[in-house]
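Summary of structural features
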Amino acid sequence: MAEDSDLEKTESATPRRLQKAREEGQIVRSRELSTFALLGAGFFGVWGMSGSIGEHLQNMLRAAFTFDHASVFETRRMLIGAGAASREGLLTLLPILGFTGAAALLAPMALGGWQLSAKGLEPKFERLNPISGLGKIFSINGPAQLVMSLAKTLVVGLIGGTAIWNRREEILALATQPLQLALANTVHLIAVCCGMTVAGMFVVAAMDVPYQLWQFHKKLRMTKEEVKREHRESEGDPHVKGRIRAQQRAIARRRMMTNVPKADVVVTNPTHFAVALQYTDGEMRAPKVVAKGVNLVAARIREIAAENNVPLLEAPPLARALYHNVDLNREIPGPLYGAVAEVLAWVYQLRRFKTEGGEKPATPTDFDVPAELDKGGVSDEEADQEAADTLNPAVNNDDASGASA
């Protein structure tokens, strides 16, 4: 049951899926909205320019029906008159064509915007399959499109037919009116009928646009597995990212281990923590931490320190405070100056004892470490990190080889 539910496309399309569909030429389109825009532009064009249109029609009709006896039998003059009438008609329709052309270009911007994609022009021979064509006819889209077409025809036909029927007497009276008055009334009736038709198309477009939006997003729905796969592709495979982080930690740890032989002292607690300190008089303002670690890393730091004769000092509170409060290659904070100074003084005395002899210096045990800097044992995050490193042989081997180097 769980596998069947995962195969159902119940999840909304992700932004990446929508962008990919747009690149492939799949965008929301509503034919009814475009039709409404074209009719609306034509209606407002006719309504707003009725005076100019009537004037051009009068000139065209006057030129067409004004002739003498000689011009009737001359073909050339008839062709000239037809050309003049055509130019007059073009001047009449040119503004309307401009309005409708602009509407045809701007209407797609209302939903999906303009999209030029060569993929939409690629031939798809599967569309020639009659079986898939029958499947589309008997799918839910077929009845829905049929209902939409019937509703459009019914609404537009009812509104347009009602407008014409209510003005049937005005239409019949045009034949008895003078030419100029008849033309003006004709243009007025055409504009009114077009306005009613536009109103009907507005109703149809208002029904079609939500349906097209719903249909588009329904078509791009994704399964839960597809969403997870896309998330992995965009964010990266967690296993690969974990491996990369492990390698980064290994590289950083190898680099850190190479600094242990250069340290002046390693402060331990003595098993869980190990912090290597270095101080060069005249070059550093204060001692800095060159290596630190817990558990296995701490043990490796102690091993390298012992191999390179770096002094080890057990000072649990100081080791914990240095580990928790000082980052790698950073100087120690002011509150720890006193305690670290005691450690370095012991280190210098120990060096003098090894070179000049004399009485061996006593190992310091009591350090002044502020209580707020001593955070206690290993945190859960640190323990989990050490466990992850322990379970990753490749990382541990890299650490060991890097440390030995």
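Refer to the preceding data block for the structure.
Residues numbered from 1 in each chain as written. Predicted model: local features only at pLDDT ≥ 70, side-chain atom pairs only at ≥ 80, totals over all residues. Heavy atoms only, no water.

Time to look at the sheet that holds strand β4 (residues 312-314). With mixed pairing, four strands are arranged side by side in an open sheet as β3-β2-β1-β4. Among the strands making up the open sheet, the edge pair consists of β3 (288-294) and β4. Shown here is a sheet whose adjacent strand axes are inclined to one another by a mean of 20 degrees, direction ignored. Where strand β1 (residues 265-268) meets strand β2 (residues 273-278), four bridges bridge the pair, whose relative direction is antiparallel. Bridging across to β2, T268 finds its partner in A274. Along the sheet face, helix α13 (residues 296-307) touches β1, β2, β3 and β4 and points at about 125 degrees away from the line of β3. Where helix α14 (residues 316-325) meets the sheet, it contacts β1, β2, β3 and β4, and its direction lies at approximately 75 degrees from that of β2. (Pairing = 2+ DSSP bridges. Helix = DSSP H or I, 4+ residues; strand = E, 2+ residues; numbered from the N terminus. Axes fitted to C-alpha atoms, helices over the stretch in contact; angles between N-to-C directions. Contact = heavy atoms within 4.5 Å.)

Now for empty space enclosed by the protein. If you roll a probe as big as a water molecule over the atoms, it shows you where there is empty space left. Tallying each qualifying case throughout the model produces one cavity of 30 Å³ or more. Approximately 40 Å³ is the volume found for the largest cavity. Along the walls of the largest cavity sit R29, S30, L33, S34, A107, P108 and L111, which together make up its complete lining. Taken together, the residues that form the lining of the largest cavity break down as four nonpolar, two polar and one charged. (1 Å grid on protein atoms, 1.4 Å probe; cavity = no way out; pocket = protein on both sides within 12 Å on 5 of 7 lines; lining within 4 Å. Points joined across faces, edges and corners; volume = space filled by probe spheres on them. Nonpolar A, V, L, I, M, F, W, Y, C, P; charged D, E, K, R; others polar.)

Moving on, we get to the side chain of Q212. Here Q212 lies in helix α10 (residues 179-219). If sequence neighbours within four positions are ignored, Q212 has contacts with V28, R29, S30 and Q145.

Of all hydrophobic cores here, the largest spans 27 residues; its most connected members are L277, L318 and L322. Elements that contribute at least two residues to this core include exactly β1, β2, β3, α14 and α15 (337-356). The element best represented in this core is α15, accounting for seven residues. Sequence-distant contacts of L318, that is, excluding residues within four places in its chain, are made with V267, L336, A339, V340, V343, F367 and V369. Among the nonpolar cores identified, the runner-up in size contains 15 residues, and V266, V290, A291 and V310 belong to it. (Core = buried A, V, L, I, M, F, W, Y, C linked by side-chain atoms within 4.5 Å. Buried < 20%, exposed > 50% of the residue type's maximum accessible area, 1.4 Å probe, protein only.)

Turning next to the environment of E331. Of note, E331 is situated in the loop between α14 and α15. Residue class for E331 comes out partly exposed when judged on its relative accessible area of 33%. Each C-alpha atom of the pair E331 and R285 lies 8.0 Å from the other, and the pair is 46 residues apart in sequence. Residues in contact with E331, not counting those within four places in the same chain, are R285, A286, P287, K288 and V326. Side-chain polar atoms of E331 contact the side chain of R285, separated by 3.5 Å. (Polar contact = N/O pair within 3.5 Å; in protein donor to acceptor, adjacent residues only side chain to side chain.)

Where helix α3 (residues 31-48) meets α10, the axes come as close as 8 Å, and the angle between the chain directions of the two elements is 155 degrees. Overall, the two elements α3 and α10 adopt an arrangement that is roughly antiparallel. Taken as a pair, α3 and α10 cross one another with a handedness that is left-handed. The class makeup of the residues in the contact of α3 with α10 is 15 nonpolar, five polar and three charged. (Parallel < 35°, antiparallel > 145°, perpendicular 65-115°, else oblique. Left-handed = near helix turned anticlockwise from the far one by under 90°.)

We now examine the pairing of β2. Among the six residues that make up β2, six are buried, leaving the element largely enclosed by the rest of the structure. Side chains of β2 alternate between two faces, with F273, V275 and L277 and A274, A276 and Q278 buried alike. Counting the residues that bridge the hairpin from β1 to β2 gives four residues. Relative to β3, β2 is paired through six bridges, and the arrangement is antiparallel. Considered in β3, the bridge of Q278 is made with K288.

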